[in-house]
Amino acid sequence: MPPNAPSSTLQFRRLSDARAMLGESPVWDASANAVWWVDIDGSKVFKTDAETGATRVWPAPEFAGCVAVSATGQIVVGMETGLFLLNCDSGAFTCVVDLGRNGVRFNDSTVDRNGTLWAAIMDVDNTKPIGTLFRITPDFTVTEVMSGFITPNGLAVDAERGRLYVSDSHPSIQTVWWHPIDLDDGSVGERHDFFPMHDHSGRPDGATLDADGNYWIAGVGGAAVHKLDPDGTHLAEYATPMPAPTKPVFGGADLTRIFLTSKADETGGEGGHLTVADTSENGSAVTLFGARPDAREDYSAVIGK
């Protein structure tokens, strides 16, 4: 089979009956055997049991763009005005990082091997090149890393190769790049082209890495997930049961299952649902955000349930 041909190797099936308007940011939580994910347009945070599909839902007070699980069990949600901690019992959101910017929202995030969070914001109208990538340390110190994106996406950190992946999903750009990165001091080097997607199915959306350093990225609008090796060679294109997959993540006890979020569509099919496929691949090791256990005590701005 040609490498660009859709493959039926991955059989995605619906895991949760919860349906998002714009499902995004799936994160594997091994301690709970669950996947955290968000509905950006529907302003919701979800937690889905990996076996039963049972899903808890928390309404958010703003667009919820991404979610991360901390090493202390805290749930960090990137919204419009900043980063918040979710109290799963009360449903309250506590602001821990106030961006001080208007007209933006978080759109994607990833955690590196050292427990540092890399998260990007974008223009809420998806028109202005004000997208910015931040590096966020466990004490919630925020450093601006790069800017000028319209729709920053595709974040992943390959610690073995010292590489940061980032893309811009906007139709006028549709490109994935990589940057050399020093995980100890957070410095980021010059940009290198990795995967222009104009001639492939879909636009670059969310991404993840497998244990071999291969880069898996959702082709939103193209009903596909693409797999590329570290050299940028296109290894495979896997068909998805919805036209707009948004982000894959490896999970399960041995990290051989792929969970996939997506955007809802008018067909009423799998779009918007969290789906899952069993694979013969192994995902890269999952690192949790190293948020301090006392972080909640340092901030008082709470947005209620």
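Just so it is clear, the model here is predicted, and its values are computed rather than measured.

Conventions used here
- Residues numbered from 1 in each chain as written.
- Predicted model: local features only at pLDDT ≥ 70, side-chain atom pairs only at ≥ 80, totals over all residues.
- Heavy atoms only, no water.
- Phe/Tyr/Trp six-rings, centres within 6.5 Å; stacked < 30°, edge-to-face > 60°.
- Buried < 20%, exposed > 50% of the residue type's maximum accessible area, 1.4 Å probe, protein only.
- Lys NZ or Arg CZ within 6 Å of the ring centre and 35° of its normal.
- Pairing = 2+ DSSP bridges.
- Helix = DSSP H or I, 4+ residues; strand = E, 2+ residues; numbered from the N terminus.
- Polar contact = N/O pair within 3.5 Å; in protein donor to acceptor, adjacent residues only side chain to side chain.
- Contact = heavy atoms within 4.5 Å.
- Axes fitted to C-alpha atoms, helices over the stretch in contact; angles between N-to-C directions.

What to know about the packing of aromatic side chains
For step 1, the next point in the chain: All chains considered together, the criterion is met by 10 aromatic pairs.
For step 2, the next point in the chain: Here the aromatic rings of Trp-37 and Phe-46 are separated by 4.2 Å at their centres, their planes lie at 25°, and the arrangement is stacked. Phe-46 shares its class with Trp-37; the two are buried.
For step 3, the next point in the chain: Site record: aromatic cluster; members linked through ring pairs are Tyr-165, Phe-194 and Tyr-215.
For step 4, the next point in the chain: When the ring centre of Trp-178 is taken as reference, the NZ or CZ atom of Arg-163 above it lies at 4.1 Å.
For step 5, the next point in the chain: One cation-aromatic arrangement involves Arg-191 over Trp-177; the distance from NZ or CZ to the ring centre is 4.2 Å.

Comments concerning the pairing of strand S6 (residues 55-59)
For step 1, the next point in the chain: Here strand S5 (residues 44-49) pairs with S6 via five bridges, running antiparallel. Residue Lys-47 lies in a different strand from S6, and its bridge partner there is Arg-56.
For step 2, the next point in the chain: Between S5 and S6, which pair antiparallel in sequence order, lie five residues; one of them, Gly-53, sits at a positive phi of approximately 80°.

With respect to unusual backbone geometry
For step 1, the next point in the chain: Not every positive phi belongs to a glycine, and Asn-126 is a case in point at roughly 60°.
For step 2, the next point in the chain: One can find Asn-126 in the loop between strand S12 (117-123) and strand S13 (131-136).
For step 3, the next point in the chain: Residues other than glycine seldom take positive phi values, yet Leu-255 does so here, at roughly 55°.
For step 4, the next point in the chain: The residue Leu-255 is located in the loop between strand S23 (245-251) and strand S24 (257-262) in this model.
For step 5, the next point in the chain: By relative accessible area, which is 15% here, Leu-255 ends up buried.

What to know about the side chain of His-273
For step 1, the next point in the chain: Considering the arrangement of structural elements, one finds His-273 in the loop between S24 and strand S25 (275-278).
For step 2, the next point in the chain: When its relative accessible area of 5% is taken as the criterion, His-273 is described as buried.
For step 3, the next point in the chain: At a separation of 3.1 Å, a polar atom in the side chain of His-273 contacts the main-chain carbonyl oxygen of Ser-16.
For step 4, the next point in the chain: Discounting chain neighbours no more than four positions away, the residues touching His-273 are Arg-14, Ser-16, Asp-17, Ala-18, Arg-19, Trp-37, Leu-260, Thr-261 and Ser-262.

A few points about the sheet that holds strand S14 (residues 142-149)
For step 1, the next point in the chain: Here we have four strands laid out as an open sheet, ordered S11-S12-S13-S14, and antiparallel in their pairing. Each of the sheet's edge strands pairs with one partner strand only, and the pair in question is strand S11 (104-111) and S14. Neighbouring strand axes in the sheet, compared pairwise and without regard to direction, differ in orientation by 20° on average.
For step 2, the next point in the chain: Pairing of S11 with S12 involves seven bridges; the strand directions are antiparallel. Directly across from Phe-106, in S12, lies its bridge partner Ile-121.

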